[in-house]
6 protein chains.
Amino acid sequence: MLSPAAWATKTRLEISEVATADGSVAVIPVGSIEQHGHHLPVATDTFLADAVSHHGAERVIDDFPILVTPPVWTGYSPHHMSLGGTLTVELTDLLDVLTHLAESAIEHGFDAICFVNGHGGNASLVDNTVSVIGKEHSEVEVTGVTYFSLAASFIDNIRESELGGMAHGGEFETSLMLHLYPELVKEDAPAEYLEDPYDHGGKDLVEGGPLSSYRPFEDFSDSGAIGDPSLASAEKGEEIMSRLGDELETIFQQIHDEAK
Amino acid sequence: MLSPAAWATKTRLEISEVATADGSVAVIPVGSIEQHGHHLPVATDTFLADAVSHHGAERVIDDFPILVTPPVWTGYSPHHMSLGGTLTVELTDLLDVLTHLAESAIEHGFDAICFVNGHGGNASLVDNTVSVIGKEHSEVEVTGVTYFSLAASFIDNIRESELGGMAHGGEFETSLMLHLYPELVKEDAPAEYLEDPYDHGGKDLVEGGPLSSYRPFEDFSDSGAIGDPSLASAEKGEEIMSRLGDELETIFQQIHDEAK
Amino acid sequence: MLSPAAWATKTRLEISEVATADGSVAVIPVGSIEQHGHHLPVATDTFLADAVSHHGAERVIDDFPILVTPPVWTGYSPHHMSLGGTLTVELTDLLDVLTHLAESAIEHGFDAICFVNGHGGNASLVDNTVSVIGKEHSEVEVTGVTYFSLAASFIDNIRESELGGMAHGGEFETSLMLHLYPELVKEDAPAEYLEDPYDHGGKDLVEGGPLSSYRPFEDFSDSGAIGDPSLASAEKGEEIMSRLGDELETIFQQIHDEAK
Amino acid sequence: MLSPAAWATKTRLEISEVATADGSVAVIPVGSIEQHGHHLPVATDTFLADAVSHHGAERVIDDFPILVTPPVWTGYSPHHMSLGGTLTVELTDLLDVLTHLAESAIEHGFDAICFVNGHGGNASLVDNTVSVIGKEHSEVEVTGVTYFSLAASFIDNIRESELGGMAHGGEFETSLMLHLYPELVKEDAPAEYLEDPYDHGGKDLVEGGPLSSYRPFEDFSDSGAIGDPSLASAEKGEEIMSRLGDELETIFQQIHDEAK
Amino acid sequence: MLSPAAWATKTRLEISEVATADGSVAVIPVGSIEQHGHHLPVATDTFLADAVSHHGAERVIDDFPILVTPPVWTGYSPHHMSLGGTLTVELTDLLDVLTHLAESAIEHGFDAICFVNGHGGNASLVDNTVSVIGKEHSEVEVTGVTYFSLAASFIDNIRESELGGMAHGGEFETSLMLHLYPELVKEDAPAEYLEDPYDHGGKDLVEGGPLSSYRPFEDFSDSGAIGDPSLASAEKGEEIMSRLGDELETIFQQIHDEAK
Amino acid sequence: MLSPAAWATKTRLEISEVATADGSVAVIPVGSIEQHGHHLPVATDTFLADAVSHHGAERVIDDFPILVTPPVWTGYSPHHMSLGGTLTVELTDLLDVLTHLAESAIEHGFDAICFVNGHGGNASLVDNTVSVIGKEHSEVEVTGVTYFSLAASFIDNIRESELGGMAHGGEFETSLMLHLYPELVKEDAPAEYLEDPYDHGGKDLVEGGPLSSYRPFEDFSDSGAIGDPSLASAEKGEEIMSRLGDELETIFQQIHDEAK
């Protein structure tokens, strides 16, 4: 909470100083409260979106003005409801909330907005939100990224699981949680691979596919997780976090350069 | 974060076990990110709504099933925008978000909902939300309270400030923050009393009035705070928290009794 | 209908003359069509909000420009539906209607808006509406009051009933109706007191409480009324109306002073 | 107000008795508060929709169960705003309000709904509302009529003005107001005929045309009225009201027959 | 598709050239996909609205700037759903879509909008849309017409059927389809006349009535059509189209004259 | 238009026969009317989404029940508005329209929905729509695909342009248009490559990137197109269409298999 980039713990004048500096960037993490199988807490996506946002921001905070708002945890997860533990809002609620948060930051003087999303079910909505806000505020640089898609460029050197092992609560997310919040991870979670009827569907957090389909999560998984958490480790989590930091550092820097 | 009542850190099965027990209560703290003068962080209302919710829930968690969701920090604060630091959504967004969170909890089996609000600007909306949800879910006990209004019954024995000293960021909230997050409170905040043109307006966090009016906060206050933070102390904060705990314990117990 | 402050019976030029005068005040009564037990008509809240608005406005109409629109009778009363006779809209409909009426008056030149509400179920929504309109029209004085809450300062000298006797259709409202519309009041309505499970709930029209809860009205009352109408009298009604007039005179005057 | 068909002045049980009788009809008058030139009050459309509804209902109230709600005066009149005095809501607000009022009546047991509209600007919206409600409540007879269109069958025997003389505030409406509320009609209103650029536009209250167009009312008229009020008389008003009563009697009877 | 007035097949510069010319008119056909009995395809209303729009536009395209957008086929037809084949949206969706299409055209420079509607269920909504757009864009000439209502002035010389024979899928629409798309019309469709319980209801496509009511189409018709298609012929269709062209030519010319 | 899979040209009974057969698939093409540079018509995305949908459906129509609705051309294209020719709706309008079309098809008995989208700006919204419909209709197979993303698997064997040459109106879309509608393609369109400041942005129609950003199209391109139309040919278009047909055939078959 005491990250130097934390919007929440600052006073209005401290925030205004950042907001009105040239090329200022407001980062808005977006997560969910959603079941993640038997071994991970329901706030996993929120914890991770928040952690990677701060990790990225702290790398550049000495170079240009940047703040990270609290994570929006009221995400869109209807497909997880049937397994318990999930809190979901409607899609248009999330669109409206993200839009008004960004517009608040813009009103205070921020020159750029970057949503850092940690939940697959929010990903398309975040893309849409970027478009809706960007249309109304053409003078501001409006961007969004679902953080785990950044791993596509480096994950093959880290992963041990085959394709499908890094899906919901699998080797990828479990490794990050073991690195950041080991006390919240339960042991002995088995591998569970998705049997998707579609050749063109997404396979993994880091490898999507062109076809979207809808199915309640209970049809996919007994535990509520998909992938292979048994291959996860805190060491992998640390390396993934470091590499994600590299990517976000580049992104935040380029956003700042555009927004100046 | 590791409160035994924290929804966020549990797995789906741990939450389901509470949800489906008889007379289960889901507490939803509601706050804001909003300027609180020069001496308090913008997340003050969120921190306090969250803290009192957990404080109350921990008193009864051994007696009946209860969980506290993460605090909803996306509150309604348009009147604070002009002073910087505030993030506000629209009123109807907040109504929708609170409604869908409650409905998620109800779908998982909770028998009662209690919103614990920490921001004056949300108070009427929380009342309305109780009505909207209650109408749709008559089988569930739906309730809401703005926590500082609970202090009316005991605060005269604690306060040193005159009427008006316990308004936005005054003796009351500053004392609670000094008790809970002293590292986030800046020193030497002066008293600043509201000059309200209306005899029938609200005077204080703990003493409202029948007349509502609207004015940007900058018209009320130079610093952004109203009241007397110079009279605040951690000791007062501890006592206030303890007495709020008494009140919430009664409320949660009575909600549970009704919901059984 | 032929009140000198009645918007409805005037021509456009007559209204424009008031609207464009300095410090002009538009009063918008807000009521409901909602069951009031066996002895009062369903339009009670609408009749009373309208009557007290005109009573207050007529006291000041020679001093400054003021008009009273027709009463908005399309209120929010879902909790009364099960007992018959009630006509309710959705909460957001009422918000939108009140907002657009106020904005029409503002467009014509009124410098202040004052909603005078007569129905408990509308009270929080009227507060919210004040905030929504005020945010958009900072140049205008926007206010709202639920008229019976003004009685807290004087009612103890008038009432005979104990706490709880002046709730829905009780000693208070029945007295006002006997004063204003005796032909619409049926005799011999018995006392019926609320058994509320909550220590922190509201007790009476004139004494609220910090905790909101929702329950269909049929769970509270056999007749549909709560309180003691048997203690009502036209004389009490006349005195209450006179004292409410004092309070509203002060409020309208202070609104006008602010709006000039 | 003391019409035997008035919903507002009855208690819940009196209304329920009508609602649950076989073939019960709820009539909802719909008007506006909108400028009507220099000689008529702004509530003209509301007064007239209400009066003709009661006039029609009283003819049949001994034959079958029927009640008339208070008139909805929050109509749709943006094109009249520029001339002052008008209070308008948004089109979708009116749709929602009418829908929820009708649904309230349906929930209480009414077998038929009939909107009786008195304002041209509401006419298409009332048609749409009939469709929206009817779709959701196929078991109920849902209908709507703009009352002055009923005059097409008989008006040629009464009118003295040429085509265009019975438009907004002209011979027709002024006659009805002279009959019902002579104290609210100012004298010496001159004739003012519309110069419409379109051959296919509407000509008169009682003779529409296929082409809709939009123009602020100030482009049409200096006074705010269109037509010839100088030809109006209370006698004509009485005859028009009587003939409208004939038409509404037939309509209400046929609605009741269908709804049984 | 290769009509000289077709918006769809042009490039952005070709469209801009028309849009920015003086008095430019954008025609937006509005239809539906809705069952039309056993003999006509479900896109009948869309085909005909599109065809008459182009027929009218081609008559004037050498005289002033005019383009016809693709037909909006996502109409409002809930009352046809029960018979199969129909695709309907909500009323407010259609309002929003038409509004935003018109506003796009206005943003590009068009001076006038004319909706040409081909479906009875859309007619009131198109009128409303004209009002909503016109209110926001008073500088633009906004108009709408349901094309078959233009036939009232000439149809008696063409029709063979009695009143009621030119309703949904009857002599009128079938003749137009035989003229334009004979390969899509199935033979031997019998006459089926509406038995309407209301004296004041609409009788025919070309002769409406003052009373609106709602009933699923299956209650009106076995086949899904109403009227007498057996009297239809391609020759009548050709003549109707020619006469509709005369009317639309006048309308488009007058719109252009107003918009200059 | 006379495709054997065309919903529009069939009667209600013909459609019902398909809808109620086992494993029936309703394909809904989604396009836009949006500027495509100097050489392509504004309806390009609509033409292509429609054409590939029919091409795919015709390959399987003898094997299982499938129909293609008319293409939804009212897409989301705010970023193209500044260049002229574009007609855009709001994002939530498109969500609502697609949802209600799908729900109409579901009501008639279709067991599966497949949106085939042809416009990048709609892609995320189509994903979201799949989720919204799927949540409400878990008994139906709901899917969506943006057709050009299917080309990723085969395009390297066809393309001559480097990365970036197959963006908006480039080698890919121009080839398809030359194959299908050569008369609508203007010659001599030059190559224009995007200079994107972001390493993580999308590069091409067929190669996206993890970062979303918003910028008016005029900032990207002088002509309004991006890519290299000069390398397009009808032969390439034919081959692309054939290979897209292979992919869609697989997708439709797998959807049918799941929906049975």
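Everything below is about the structure shown above.
This is a predicted model, so every value here is computed, not measured.

Scoring rules and cut-offs
- Residues numbered from 1 in each chain as written.
- Chains lettered and ligands numbered in written order.
- Predicted model: local features only at pLDDT ≥ 70, side-chain atom pairs only at ≥ 80, totals over all residues.
- Heavy atoms only, no water.
- Helix = DSSP H or I, 4+ residues; strand = E, 2+ residues; numbered from the N terminus.
- Rg over C-alpha atoms; globule rule 2.2 N^0.38 Å.
- Buried < 20%, exposed > 50% of the residue type's maximum accessible area, 1.4 Å probe, protein only.
- Contact = heavy atoms within 4.5 Å.
- Areas by Shrake-Rupley, 256 points an atom, 1.4 Å probe, with all protein chains shown as cover.
- Lys, Arg positive; Asp, Glu negative; His and termini not counted.
- Charge placed at Lys NZ, Arg CZ, Asp CG, Glu CD.
- Core = buried A, V, L, I, M, F, W, Y, C linked by side-chain atoms within 4.5 Å.
- Least-squares fit on C-alpha atoms with pLDDT ≥ 70 in both.
- Axes fitted to C-alpha atoms, helices over the stretch in contact; angles between N-to-C directions.
- Parallel < 35°, antiparallel > 145°, perpendicular 65-115°, else oblique.
- Left-handed = near helix turned anticlockwise from the far one by under 90°.
- Buried area = accessible area lost by both parts, 1.4 Å probe.
- Salt bridge = Lys/Arg side-chain N within 4 Å of Asp/Glu carboxyl O.
- Polar contact = N/O pair within 3.5 Å; in protein donor to acceptor, adjacent residues only side chain to side chain.

Draft legend 1. Spatial organisation of the overall build of chain A. Check the secondary structure of chain A and you find six helices and five strands. For chain A, the C-alpha radius of gyration of 18 Å lies close to 18 Å, the compact-globule estimate for 260 residues. Within chain A, buried positions represent 68% of all 260 residues. Within chain A, contacts between residues at least 6 apart in sequence are counted, and of these 79% link residues at least 24 apart. As displayed, chain A has an accessible area near 8,100 Å², and 43% of this comes from carbon and sulfur atoms. Positive and negative charge centroids in chain A, built from 11 and 45 side chains respectively, lie 2 Å apart.

Draft legend 2. Structural view of the nonpolar core. Counting residues in hydrophobic clusters, the biggest one holds 474 residues, and the most contacted among them are Phe 252 of chain A, Phe 252 of chain B, Phe 252 of chain C, Phe 252 of chain D together with Phe 252 of chain E. Filtering out sequence-adjacent residues up to four positions away, Phe 252 of chain E remains in contact with Val 27, Ser 53, Gly 56, Ala 57, Val 60, Phe 64, Ile 66, Cys 114 and Val 116 of chain E.

Draft legend 3. The arrangement of the chains, seen in detail. There is a gap between chain B and chain E: no contact, and a shortest C-alpha distance of 19 Å. Considering only C-alpha positions, the minimal separation of the non-contacting chain B and chain F is 14 Å.

Draft legend 4. Spotlight on the relation of the copies chain B and chain A. Mapping chain B onto chain A is achieved by rotating through 180° and translating by 0.0 Å along the same axis, at an RMSD of 0.0 Å. The superposition of one copy onto the other is thereby described by a two-fold rotation axis. Among all C-alpha atoms of chain B, that of Asp 93 of chain B lies closest to the rotation axis, at 3.0 Å.

Draft legend 5. Region of the structure containing the packing of helix α3 (residues 91–108) of chain B against helix α4 (residues 123–136) of chain B. All names here are of chain B. Across the interface, α3 lies against α4 with an axial gap of 10 Å and an inter-helix angle of 45°. Regarding the angle of α3 to α4, the classification is oblique. For the pair α3 and α4, the crossing hand works out as right-handed. Here Leu 91, Leu 94, Leu 95, Leu 98, Thr 99, Ala 102, Glu 103 and Ile 106 of α3 come into contact with α4, specifically with Leu 125, Val 126, Thr 129, Val 132, Ile 133 and Glu 136.

Draft legend 6. Local environment of the interface of chain F and chain A. Residue-level contacts link 40 residues of chain F with 40 residues of chain A. In total, about 3,600 Å² of surface goes out of reach between chain F and chain A, with carbon and sulfur atoms giving 55% of it. Inspection of the chain F/chain A interface yields six salt bridges. At the junction of chain F and chain A, the tally comes to 20 residue pairs in polar contact (both at pLDDT 80 or more).

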